[in-house]
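Here is how the chains run, residue by residue.
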Amino acid sequence: MKKTIALLLGLTFSLAVLAAAGSGDPLISRSYLEGDFFRTLEKAVSDRLDASDAVIRSGRTPGEAAAGAQELLLKEGDVFSCRTGVTATLLGGEAHASGGVLVDVTAGAEIPAGQLLQAGHRYIAAESAELTVASPAAVLLCEGGGTLTASPAPDCFAAARALRSLNLFQGSGSGFGEGFDLHLAPTRGEGLVMFLRILGEEKQALAWTGSHPFTDVPAWLDRYVAWAYAQGYANGVDAGQFGCGQRLSSVEYVEFLLRALGYSVAGVDDYATSLERALTCGALTAGEFAMLRNQPFLRAHVAYISYYSLDTPVSGSSQTLSRRLIAAGTMTEDQLSAARAQVSTLRLS
């Protein structure tokens, strides 16, 4: 693989060599480009690959990587600038090459500007390179120095941490991105659990001894589904099927939030208007409405809109959802204040 990368680097810099040779008074001599410079670059690349291989061979999870390896939790529009020889692996989400020269070590090919990186592939900066995040949340494992230019986009990781501190959002147990898996699509089962937590009824659900008629419910979800079925909160997708693993859409999850806030009731089947009704009642801003209409729905969106739903007044009252949960003993004032302190980015307007 190192020979492949060396050949790619040679091709990458051949234009620079030719330019130096063809100009009347080159700033950089051809002998320097072909000699000292290329040898220095090749050594930097080789050293980075050796270090990266050592991390992979060690069997560590990304969060336990050796010194020099760093896991970055990024948001849409963030730009990571890395110097020559730095390696990066996209663990989740989307990012694209946006400047410099980036080589896909796994595939053995140079990446043109604008091309999305493939998750799990290892990339190396053949020259100083830039990566720009193109999804609401992304996780990047980098080995070597770099500079992060933060965008003003909402920080879904911060929202997820805040909700986790309130016992309202949990990860799926993966070994990276703090286990939140914000780059993945949520399922109907996950959406139901979030709904019951925001409603303040998780404890009742876990203590419920009633049954349900569905045959596709895993053990971890069984009590939640039984409670929701008994309360009339949710029905199945077909005879005997709850559809636990089916992808949850934005309109379905927003309908859950509207029910938790008292702006909708079980039995409403017109999910097509959920976003519009949420916008009208103030559960969504215009920017959030546009975001949910235009982007594939992810766990990142679940964390984001669930966090800000805490500020939404319950139907027929000036009391916000967070105040209602405090009154019900689901959280304390101090816990809410500590959670809010974790989110520094602004809400979409």
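Residues numbered from 1 in each chain as written. Predicted model: local features only at pLDDT ≥ 70, side-chain atom pairs only at ≥ 80, totals over all residues. Heavy atoms only, no water.

J.: Could you give an account of the overall build of the chain, naming the residues involved and the relevant values?
T.: Assigned secondary structure in the chain consists of 12 helices and 10 strands. Within the chain, the fraction of its 349 residues that count as buried is 46%. Here the analysis covers contacts within the chain between residues at least 6 apart in sequence; of these, 69% occur between residues at least 24 apart. With an accessible surface of roughly 15,900 Å², the chain has 54% of that area assigned to carbon and sulfur atoms. (Helix = DSSP H or I, 4+ residues; strand = E, 2+ residues; numbered from the N terminus. Buried < 20%, exposed > 50% of the residue type's maximum accessible area, 1.4 Å probe, protein only. Contact = heavy atoms within 4.5 Å. Areas by Shrake-Rupley, 256 points an atom, 1.4 Å probe, with all protein chains shown as cover.)

J.: So, the sheet that holds strand β10 (residues 146–149): which residues are in play, and what are the values?
T.: Spatial strand order, β4-β8-β2-β10: 4 strands in an open sheet with antiparallel pairing. Both edges of this open sheet fall to β4 (95–99) and β10, since each of them pairs with a single strand only. The average angle at which neighbouring strand axes cross in this sheet is 25°, direction not considered. (Pairing = 2+ DSSP bridges. Axes fitted to C-alpha atoms, helices over the stretch in contact; angles between N-to-C directions.)

J.: Could you give an account of the nonpolar core, naming the residues involved and the relevant values?
T.: Core analysis: the biggest nonpolar cluster contains 66 residues, and F169, L182, L192, Y253 and I305 have the highest contact counts within it. Ignoring sequence-local partners within four residues, the contact set of I305 consists of Y253, V254, L257, L284, L292 and F297. (Core = buried A, V, L, I, M, F, W, Y, C linked by side-chain atoms within 4.5 Å.)

J.: Could you give me a rundown of helix α4 (residues 188–199), with the residues and numbers involved?
T.: Helical geometry: 3.6 residues make up each α-helical turn, so side chains three or four residues apart lie on a common side. The end-to-end C-alpha distance of α4, which contains 12 residues, comes to 16 Å, matching closely the 16 Å that a straight helix rising 1.5 Å per residue would cover. With 11 of 12 residues buried, α4 lies mostly within the body of the structure. Close packing links the buried residues of α4 with α5 (202–207), α6 (222–231), α7 (250–261), α10 (299–309) and α11 (321–327). Once α4 finishes, G200 follows within two positions and takes phi at roughly 80°, a positive value. (Expected span 1.5 Å × (residues − 1).)

J.: Pulling in residues and values, what's your account of unusual backbone geometry?
T.: Even without a glycine there, the phi angle at N167 is positive, about 60°. Among the secondary structure elements, N167 is positioned in the loop between α3 (156–165) and α4. Under the relative-accessibility criterion, N167 is labelled partly exposed at 48%.

J.: Describe the environment of S128, with residues and values.
T.: Note that S128 resides in the loop between β7 (122–125) and β8 (129–133). In this structure the C-alpha to C-alpha distance between S128 and V86, which are 42 residues apart in sequence, comes to 8.6 Å. Non-local contacts of S128, meaning those with residues more than four positions away in its chain, are made with C82, R83, T84, G99, G100 and V101.

J.: Tell me what's going on with the packing of aromatic side chains, and back it up with residues and numbers.
T.: In the structure shown here, the tally under the stated rule is 9 aromatic pairs. On the basis of an interplanar angle of 90° and a centroid distance of 5.3 Å, the ring pair of F195 and Y233 is categorised as edge-to-face. Of this pair, F195 sits in helix α4 while Y233 sits in the loop between α6 and α7, and the two are 38 residues apart along the sequence. By relative accessible area, Y233 is classed as buried at 18%. Judged by centre distance (5.0 Å) and plane angle (20°), the ring pair of F195 and F256 falls under stacked. Of this pair, F195 sits in helix α4 while F256 sits in helix α7, and the two are 61 residues apart along the sequence. In terms of burial, F195 and F256 fall into one category: buried. Among the aromatic residues, ring-to-ring pairing joins F195, Y233 and F256 into one connected group. Above the plane of the ring of F242 lies R188, whose end atom (NZ or CZ) is 4.7 Å from the centre. (Phe/Tyr/Trp six-rings, centres within 6.5 Å; stacked < 30°, edge-to-face > 60°. Lys NZ or Arg CZ within 6 Å of the ring centre and 35° of its normal.)

J.: Report on the pairing of strand β2 (residues 79–82), specifying residues and quantitative values.
T.: Judged from the 4 bridges that link them, β2 and β8 form a sheet pairing that is antiparallel. Across the sheet, the residue bridging to S81 is E130, located in β8.

J.: How would you summarise the environment of S264 if you had to cite specific residues and measurements?
T.: By the element assignment, S264 lies in the loop between α7 and α8 (274–281). On the accessibility criterion, S264 (9% relative accessible area) is buried. Distance in space between the C-alpha atoms of S264 and A278 is 9.8 Å, their sequence separation being 14 residues. Those residues in contact with S264 that lie beyond four places of it in its chain are E255, L258, R259 and R277.

J.: Kindly report on the side chain of R197, identifying the contributing residues and their values.
T.: Assignment of secondary structure puts R197 in helix α4. Among residues more than four places away in sequence, those in contact with R197 are N167, L168, F169, Q170, E202, Y224 and L325.

J.: So, the confidence of the model for the chain: which residues are in play, and what are the values?
T.: Here the chain averages 84 in pLDDT, while 79% of its residues score no lower than 70. Mean pLDDT values over the elements of the chain span from 44, in helix α1 (residues 2–22), up to 98, in helix α12 (residues 333–340). (pLDDT = per-residue confidence, 0-100.)

J.: Break down the sheet that holds strand β9 (residues 137–143) for me, with residues and values.
T.: What the 6 strands build is an open sheet, ordered β1-β9-β3-β7-β5-β6; its pairing is antiparallel. The open sheet has two edge strands, β1 (69–75) and β6 (109–111), and neither has a second partner. Between one strand axis and the next, the sheet turns by 30° as a mean value, whatever way the strands run. The pairing of strand β5 (residues 102–104) with β6 spans 3 bridges and is antiparallel. The partner of L102 across the bridge, within β6, is I111.

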